[in-house]
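Breakdown of the fold
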Amino acid sequence: MIKAGIVTLITEEAHGVGTDPEETRRKVFCTVKSIGQAEVYQAMSLGLNPAMKLILSQDFEYRGESLCEYKGKRYRIIRTYVTEADGIELTLQPDAGGTGGAADAG
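Residues numbered from 1 in each chain as written. Predicted model: local features only at pLDDT ≥ 70, side-chain atom pairs only at ≥ 80, totals over all residues. Heavy atoms only, no water.

1. Let's talk about the overall build of the protein
For the protein, the count of helices and strands is one helix and six strands. Along the protein, helices (α) and strands (β) appear in the sequence β-β-α-β-β-β-β when read from the amino end. Of the roughly 6800 Å² of accessible surface on the protein, 53% is carried by carbon and sulfur atoms. (Helix = DSSP H or I, 4+ residues; strand = E, 2+ residues; numbered from the N terminus. Areas by Shrake-Rupley, 256 points an atom, 1.4 Å probe, with all protein chains shown as cover.)

The structure is reproduced here in structure tokens:
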């Protein structure tokens, strides 16, 4: 069963030393995909905690955002993958509020 939804993609921009980053938000349609067991264990060995994957139907809908919100929860985008159908798959882990975590296109 495929679940459809809306994800809010978030970009953080710092505007000077000592200022809080400003967030830019935009909403896009997505579908939800679960994380496979082997992928979870492999990611955990690298210190990552993947929770789910969201698929955007077109890769241009993703603009390098590092954070997102889905169903009221905030996630860090830890990996991106362009699909054969020109969509993009975003692998997410819960955001602990810290910095770090890169979105590696590949």
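This is not the end of the story, as more comes after the structure.
2. A short note on the pairing of strand 5 (residues 73-82)
Where strand 4 (residues 67-70) and strand 5 come together, four bridges link them in antiparallel fashion. From the neighbouring strand, Leu67 faces strand 5, where its bridge partner is Arg76. Counting the residues in the hairpin turn of strand 4 and strand 5 gives two residues, including Lys71, whose phi is positive at 50°. Here strand 5 pairs with strand 6 (residues 88-94) via seven bridges, running antiparallel. Its bridge partner lying in strand 6, Tyr75 is registered against Pro94. Between strand 5 and strand 6, which pair antiparallel and follow one another directly, the connecting turn spans five residues, one of which, Asp86, has a positive phi of 65°. (Pairing = 2+ DSSP bridges.)

3. Comments concerning the nonpolar core
Counting 15 residues, the largest nonpolar core has Val7, Leu9, Leu56, Leu90 and Leu92 as its most contacted members. For this core, the secondary structure elements donating two or more residues are strand 1 (3-13), strand 2 (22-33), strand 3 (52-56), strand 4, strand 5 and strand 6. Not counting the four nearest positions on each side in its chain, Val7 is found in contact with Arg26, Lys27, Val28, Cys30, Leu54, Leu56, Cys68, Glu69 and Tyr70. (Core = buried A, V, L, I, M, F, W, Y, C linked by side-chain atoms within 4.5 Å. Buried < 20%, exposed > 50% of the residue type's maximum accessible area, 1.4 Å probe, protein only. Contact = heavy atoms within 4.5 Å.)

4. Quick word on the pairing of strand 6
With respect to burial, strand 6 is a largely interior element, six of its seven residues being buried. One ladder, built from five bridges, connects strand 3 with strand 6; its direction is antiparallel. Bridge pairing in strand 6 places Leu56 opposite Ile88.

5. Concerning unusual backbone geometry
The phi angle at Lys71 is positive, at roughly 50°, despite the residue not being glycine. Mapped onto the elements, Lys71 comes out in the loop between strand 4 and strand 5. Of note, Asp86 is a non-glycine position whose phi angle comes to about 65°, a positive value. As for its position among the elements, Asp86 is in the loop between strand 5 and strand 6.

6. A look at the state of the cysteines
Summed over the entire model, instances satisfying the criterion amount to zero disulfides. Free cysteine Cys68: the closest other cysteine sulfur is in Cys30, separated by 8.4 Å. Using a relative accessible area of 0% as the deciding quantity, one classes Cys68 as buried. (Disulfide = S-S within 2.5 Å.)

7. Examining the environment of Leu9
Tracing the chain through its elements places Leu9 in strand 1. Accessibility expressed as a relative area gives 0% for Leu9, which makes it buried. Sequence-wise, Leu9 and Glu61 are 52 residues apart; in three dimensions their C-alpha atoms are separated by 9.6 Å. Ignoring sequence-local partners within four residues, the contact set of Leu9 consists of Thr24, Arg25, Arg26, Val28, Leu56, Glu61, Glu65, Leu67, Cys68, Ile77 and Leu90.

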